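Architecture at a glance
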Amino acid sequence: MNWRGVIEHYREFLPVSERTPVITLNEGNTPLIKADRLRDLIDKRIELYLKYEGANPTGSFKDRGMTLAISKAAEEGAQAVICASTGNTAASAAAYAARAGMRAWVLIPEGKVALGKLSQALIHGAGVLEVKGNFDDALAIVKEISQCYPIVLVNSLNPFRIEGQKSGAFEVCDQLGKRAPESHFIPVGNAGTIKAYWQGYREYKEAGRIDSLPRMMGWQAEGAAPIVRGHVIENPETIASAIRIGNPASWDAAVAAARESRGQIDMVSDEEIMEAYRHLAEIEGIFCEPASAAPVAGIIKYSRTKGFDKGDTVVCILTGHGLKDPDRVLHISREPLSLPAEMGAVRKVMGL
Ligand code: F0G
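No experiment lies behind these values; they were computed from the predicted model shown.

1. What about the overall build of the protein chain?
When helices and strands are tallied, the protein chain shows 15 helices and 10 strands. A globule of 352 residues ought to have a C-alpha radius of gyration of about 20 Å, and the protein chain, at 20 Å, matches this closely. Considered along the principal axes of its C-alpha atoms, the protein chain spans approximately 65 × 50 × 45 Å. The 352 residues of the protein chain split such that 58% are buried. For the protein chain, long-range pairs separated by at least 24 residues make up 71% of all intrachain contacts whose partners lie at least 6 apart in sequence. Only carbon and sulfur atoms are counted for the fraction: they give 50% of the accessible area of the protein chain, which is about 15,200 Å². Charged side chains of the protein chain number 41 positive and 43 negative; the gap between the two group centres comes to 3 Å.

Right under this line is the structure:
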């Protein structure tokens, strides 16, 4: 099949017309990978699938929403877009804006954005502004700028971002074979993502494409878990920098998604996140960024506490590629051995 991106593939579910210029990098159509080895460690009675969103053009699921947000901005004649970001939205906005010939401005928390994401925003020519504050501070600024000037906000407060992002749920159902999983595990930061996937599942059910809905299982990091704790976190901290957010914009929608689907929003520690991150890489050959490992840690925690039903299909969205945050690996891995360029030395180390 000649895949032409999220807008063309799911056009009938999206607010586009023949007048909408389609700005795409052929995003979407990412692999849904069966993870039997990880499953065997967790609960042999379930089926576990990982949706590898790191395979999107800019390396994260953000491209699904960005293709629509930038296409609609182009339709409206916008010259510039702006966002606050922990990194992935900035990378995606920068790439799609470049393709549309628009100016992108991105506000990021100083010193807290992973190297891969920062390099992407820079190479695509975005105006990258580091603010001496966190994501929540940056979001407040860009919201105000977009209200006062003709610069389109492309954070998930932009409804077109959510509309595009919901395609991730459509794809899960299409790839499972016209059915929804029993549980859908996903990280929660600014909370637009859980809202978008829940909307996607509901729309697919209304359209008769699936018969049932999954429980939405959202995961925050312990040091940045405002929804779980029930109050704003002034100084969120976690190793999973993508979800280092203390006051999510879609807070109420996330709570509603969990409630309506009879799911939950819970949290995992940085240690649990790092353990899941390593496991995925070591036993499944899948390299994701730390925030993406939070719901994997969530699956492990859930199976130990509440437990799945026999035969449950569990899907976990791996939101971003591991190469986004290469420094993280160097912090937790042993350095490569340095040897003379001699067969003997190599053989000795290999035990041959
Ligand atoms: N996973 C990754 C890799 C992310 O980059 C984000 C959010 C999330 C999960 C959570 O999604 O915010 O909709 O709940 N990243 C945003 C950004 C905040 O700026 O790139 P959410």
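2. Brief notes about a nonpolar patch on the surface
Together, Leu337, Leu339, Val346, Val349, Met350 and Leu352 line one region of the surface with nonpolar side chains, adding up to about 610 Å² of accessible area. Take Val349: it is sitting in helix α15 (residues 343-350).

3. Examining the site of the ligand
Taken together, 19 residues form the shell around the ligand, and within it Ser85, Asn190, Ala191, Thr193 and Thr319 come nearest. A distance of 2.7 Å separates an oxygen atom of the ligand from a polar atom in the side chain of Ser85. Here an oxygen atom of the ligand sits 2.7 Å away from a polar atom, N or O, in the main chain of Asn190. Listed by contribution, the elements that provide at least two residues to the shell around the ligand are α4 (88-100) and α9 (192-206). Each residue belonging to the shell around the ligand can be placed in one class, and the counts come to 7 nonpolar, 10 polar and 2 charged.

4. Focus: the sheet that holds strand β5 (residues 127-131)
On the basis of which strands lie adjacent, the open sheet formed by 4 strands has the order β5-β4-β3-β6 and parallel pairing. Edge strands, defined here as strands with exactly one partner in the open sheet, are β5 and β6 (152-153).

5. Concerning the pattern of salt bridges
Side chains that carry opposite charge are capable of pairing whenever their charged atoms lie near each other. Tallied over the entire structure, the rule returns 21 salt bridges. As a salt-bridge pair, Arg11 and Glu8 come within 3.0 Å of each other at their nearest N and O atoms. Looking at Glu8, the relative accessible area reads 26%, which means it is partly exposed. Connected via shared salt-bridge partners are Lys34, Asp36, Arg39 and Asp40.

6. Structural notes on the side chain of Thr67
Relative to the assigned elements, Thr67 resides in helix α3 (residues 62-75). You can call Thr67 buried: its relative accessible area is 0%. Excluding its chain neighbours within four sequence positions, the residues that come into contact with Thr67 are Val6, Ile7, Ile23, Thr24, Glu27 and Tyr96.

7. Points about the pairing of strand β2 (residues 47-52)
When you tally the buried positions in β2, you get 5 out of 6 residues, the bulk of the element. As defined by bridge partners, strand β1 (residues 32-34) adjoins β2 across 3 bridges and the pair is classed as antiparallel. Bridged to Ile33 within β2 is Leu50.

8. Observations concerning the packing of aromatic side chains
To describe a pair of aromatic rings, one takes the distance between the centres and the angle between the planes. Within the structure shown, the criterion is met by 9 aromatic pairs. Look at Tyr277 and Phe287: their rings are 6.3 Å apart centre to centre, the planes differ by 50°, and that puts the pair in the tilted class. Highlighted residues: Tyr277 in helix α12 (residues 270-284) and Phe287 in the loop between α12 and α13 (290-305), separated in sequence by 10 residues. The buried category is assigned to Tyr277, whose relative accessible area is 5%.

9. Overview of the packing of α3 against α4
As a packed pair, α3 and α4 sit with axes 9 Å apart at the nearest point and diverge in direction by 40°. As far as their axial angle goes, α4 and α3 are oblique. For the crossing formed where α3 meets α4, the hand is right-handed. Residues Lys62, Asp63, Met66, Thr67 and Ile70 of α3 form the contact with α4, whose participating residues are Asn88, Thr89, Ser92, Ala93, Tyr96, Ala97 and Ala100. The residue inventory of the contact of α3 with α4, partitioned by class, reads 6 nonpolar, 4 polar and 2 charged.

10. Brief notes about the state of the cysteines
What the rule picks out here adds up to 0 disulfides. Sulfur of Cys148: no disulfide; nearest cysteine sulfur belongs to Cys83 and is 18 Å away. No disulfide involves Cys316; its nearest neighbouring cysteine sulfur is the one of Cys288, lying 8.1 Å away. Residue classification places Cys316 among the buried residues on the basis of a relative accessible area of 0%.

11. Concerning the sheet that holds β1
Spatially, 6 strands are ordered β1-β2-β10-β7-β8-β9 in an open sheet, and the strand pairing comes out mixed. Strands at the two margins of the open sheet, each flanked by one partner only, are β1 and β9 (264-268). Averaged over all neighbouring strand pairs, the angle between strand axes comes to 25°, with direction disregarded. Packing against the sheet, helix α8 (residues 167-176) makes contact with β1, β2 and β10 (313-318), and its axis sits at approximately 135° to β2.

Analysis parameters
Residues numbered from 1 in each chain as written. Predicted model: local features only at pLDDT ≥ 70, side-chain atom pairs only at ≥ 80, totals over all residues. Heavy atoms only, no water. Helix = DSSP H or I, 4+ residues; strand = E, 2+ residues; numbered from the N terminus. Rg over C-alpha atoms; globule rule 2.2 N^0.38 Å. Buried < 20%, exposed > 50% of the residue type's maximum accessible area, 1.4 Å probe, protein only. Contact = heavy atoms within 4.5 Å. Areas by Shrake-Rupley, 256 points an atom, 1.4 Å probe, with all protein chains shown as cover. Lys, Arg positive; Asp, Glu negative; His and termini not counted. Charge placed at Lys NZ, Arg CZ, Asp CG, Glu CD. Patch = residues over 30% accessible without salt bridge, like charges linked within 9 Å, V, L, I, M, F, W, Y side chains within 5 Å. Salt bridge = Lys/Arg side-chain N within 4 Å of Asp/Glu carboxyl O. Near = heavy atom within 4 Å. Polar contact = N/O pair within 3.5 Å; in protein donor to acceptor, adjacent residues only side chain to side chain. Nonpolar A, V, L, I, M, F, W, Y, C, P; charged D, E, K, R; others polar. Pairing = 2+ DSSP bridges. Phe/Tyr/Trp six-rings, centres within 6.5 Å; stacked < 30°, edge-to-face > 60°. Axes fitted to C-alpha atoms, helices over the stretch in contact; angles between N-to-C directions. Parallel < 35°, antiparallel > 145°, perpendicular 65-115°, else oblique. Left-handed = near helix turned anticlockwise from the far one by under 90°. Disulfide = S-S within 2.5 Å.

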